[in-house]
Amino acid sequence: MFLSIFDVFKIGVGPSSSHTMGPMVAAARFLDRLRAAPFSASGLRATLYGSLAFTGKGHATDRAVILGLAGFRPDTFDQEAAEATLAEIHKTRQITPADLPTLKFDPETDLRFDFDAPLPGHANGMTIEALDSQGDVILSEIYYSIGGGFVLTADELAAGSASDEGAPVPFPFKSAAEMLEMARSSGLSIAQMKERNEVARSGGGAAALKQGSLRIWQVMRDCMDRGLETEGILPGGLNVRRRAPTIRDQLIRDRGLNLAAPHVVNDWIAIYAMAVNEENAAGGQVITAPTNGAAGVVPAVIRYYLDHVPGAAEARVPDFLLTAAAIAGLVKFNASISGAEAGCQAEVGSASAMAAAGLCAVMGGTPEQIENAAEIALEHHLGMTCDPVKGLVQVPCIERNSLGAIKAVSAASLALRGDGTHFVPLDAAIETMRQVGRDMHEKYKETSLGGLAVNVPNC
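Residues numbered from 1 in each chain as written. Predicted model: local features only at pLDDT ≥ 70, side-chain atom pairs only at ≥ 80, totals over all residues. Heavy atoms only, no water.

**Q** Run through the pairing of strand β8 (residues 150–153), naming residues and quoting values.
**A** On β8, burial covers both faces: F150 and L152 on one face and V151 and T153 on the other are all buried. Bridge count between strand β7 (residues 137–147) and β8: four bridges; the pairing is antiparallel. If you follow S145 over to β8, its bridge partner there is V151. In this structure, the hairpin formed by β7 and β8 is closed by a connection of two residues, where G148 is found at a positive phi of approximately 70°. (Buried < 20%, exposed > 50% of the residue type's maximum accessible area, 1.4 Å probe, protein only. Helix = DSSP H or I, 4+ residues; strand = E, 2+ residues; numbered from the N terminus. Pairing = 2+ DSSP bridges.)

If you want it as structure tokens, here you go:
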């Protein structure tokens, strides 16, 4: 089993990795198929199913599909160019992708939301079709956005994810138990094993891996800094006000008070996460960690480590991210990181486990303590529903990231106080999360048909 750190932590665009980034990637993949096809198309059509249909408007899935068909990609997304392109498509009812003829596409009729039965492979399903001049389908593909910006066709999903294909790695652990056994037999840390796997798979060398890891952190930090500075109302109609800058100013004013309570550090952790997720909710550039909806947890805990822990060093950030990525791989391959598939336990819960493991690692934890930290964090998110109000990645998503980050710090601290022995192994927590996600009612899995989404006024 192998999942690269650069697949876990991808540069993308908000508000959702599964509902925004994934559909945009799927549309781009379809254009590549169309370019290679032996015939010429006259038009395009796309249909959204399941969670993509129910929360597509709130998650900007409609915009993402249109922009993807116009040639936009998450990692190179240009907001200003995107707005101009969307306006032109709505005006002309045409799309002109690079290296393809102008294609008919009316956003009002050629982008469909199917609220009936979801496609069989995953809750986040969509079809894209190319049409001839008579309106007949000449090319069609089913895509599934499986969480974290990962996209598979129906055939790929049936055959199994291709993420593990490639050169063999020296430490191919598929479970936490295997990971710990390999660490014990090799004498290496989890980060060191993950580093050697990355180098073996990419061939880029340790220096390139470190540079890429620090680049991930820089983009995370830039996103956080923007969120800590930007005020205003988030888009979407809920009129949610950005709070991170105001709370930050209050915390700075209170720094000189001798009576400040120790728990105020939790407020700093909270606003670090809040800043990232407010940027995400506004459609800004974020890093999936492992998803957009949970993008604030890992960077918040890294910022806590660097700014509040004595002796912290930015040189340790790659070890943090490598350890977190190892945990993400275990969760993704053995359960899910998709809110539409397993609820918010799969998003914020996974992110909290990743962050707890990363913090424990850079604070000197053993592999056993790191596994314990991840288990504590994940165990206490089990059963968490994904119920965004009005389908927007705002309420309760932003605050959930803050609490997920705080839980991660507490989990790491508890694990470091012990010797690594604990009652529930991480593998059991991951399997429990898979089972809970399987049994959870669909209305609690990113459809906005249950939970807070129906018990809080939407306007």
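**Q** Which residues make up the nonpolar core, and what are the values?
**A** Ranked by internal contacts, the top residues of the largest apolar core, which has 106 residues, are F9, M220, V298 and I327. Contact partners of M220, with chain neighbours within four places excluded, come to F9, I287, A289, V298, P299, I302 and L321. If you look at the next biggest cluster of nonpolar residues, it comprises 35 residues, including L48, L52, A64 and L100. (Core = buried A, V, L, I, M, F, W, Y, C linked by side-chain atoms within 4.5 Å. Contact = heavy atoms within 4.5 Å.)

**Q** So, helix α9 (residues 206–229): which residues are in play, and what are the values?
**A** In this model, α9 (24 residues) spans 35 Å end to end at C-alpha, consistent with the 34 Å of a helix rising 1.5 Å per residue. Among all positions in α9, only L209, G212, S213, I216, W217, V219, M220, R221, C223, M224, G227 and L228 are buried. (Expected span 1.5 Å × (residues − 1).)

**Q** An account of the environment of V389 is needed here, citing residue identities and associated values.
**A** Here V389 lies in the loop between α16 (367–379) and α17 (397–416). Along the backbone, V389 and P457 are 68 residues apart, and their C-alpha atoms lie at a distance of 8.3 Å.

**Q** Describe the pattern of salt bridges, with residues and values.
**A** In total, this model carries 24 salt bridges according to the counting rule given. R35 is the partner of D32 in a salt bridge, and the nearest nitrogen-oxygen pair spans 2.8 Å. Placement of both D32 and R35 in helix α2 (residues 17–36) is noted, with a separation of three residues, approximately one turn of the helix. Residue D32 is classed as partly exposed on the basis of its relative accessible area, which comes to 38%. Classification of R35 by relative accessible area gives partly exposed; the value is 31%. Residue K194 is joined to E198 by a salt bridge in which the shortest nitrogen-to-oxygen separation is 3.3 Å. With K194 and E198 both in helix α8 (residues 190–202) and four residues apart, this pair spans about one turn of that helix. (Salt bridge = Lys/Arg side-chain N within 4 Å of Asp/Glu carboxyl O.)

**Q** Break down the side chain of T447 for me, with residues and values.
**A** With respect to the helices and strands, T447 occurs in the loop between α18 (426–439) and α19 (452–455). Among the polar contacts made by the side chain of T447, one reaches the main-chain carbonyl oxygen of K443 at a distance of 3.3 Å. Excluding anything up to four places from it in sequence, T447 contacts S51, F54, T55 and E442. (Polar contact = N/O pair within 3.5 Å; in protein donor to acceptor, adjacent residues only side chain to side chain.)

**Q** Quick one: what's the story with a nonpolar patch on the surface, residue by residue and with numbers?
**A** Residues F54, F115 and L449 make up a contiguous nonpolar surface patch of roughly 270 Å² in combined accessible area. By the element assignment, F115 lies in the loop between β5 (111–114) and β6 (124–131). The class for F115 is partly exposed, based on a relative accessible area of 44%. (Patch = residues over 30% accessible without salt bridge, like charges linked within 9 Å, V, L, I, M, F, W, Y side chains within 5 Å. Areas by Shrake-Rupley, 256 points an atom, 1.4 Å probe, with all protein chains shown as cover.)

**Q** Lay out α16 in plain terms, naming residues and giving numbers.
**A** An α-helix turns once every 3.6 residues. As a result, residues three or four positions apart point the same way. In this model α16 runs 18 Å from its N-terminal to its C-terminal C-alpha over 13 residues, within 8% of the 18 Å that 1.5 Å per residue would give. Burial analysis of α16 places eleven of its 13 residues in the buried class, the great majority of the element. Looking at α16, one finds that the buried residues are P367, Q369, I370, E371, N372, A373, A374, E375, I376, A377 and L378. Packed against the buried residues of α16 are α7 (176–186), α8, α13 (317–334), α15 (348–362), α17 and α18.

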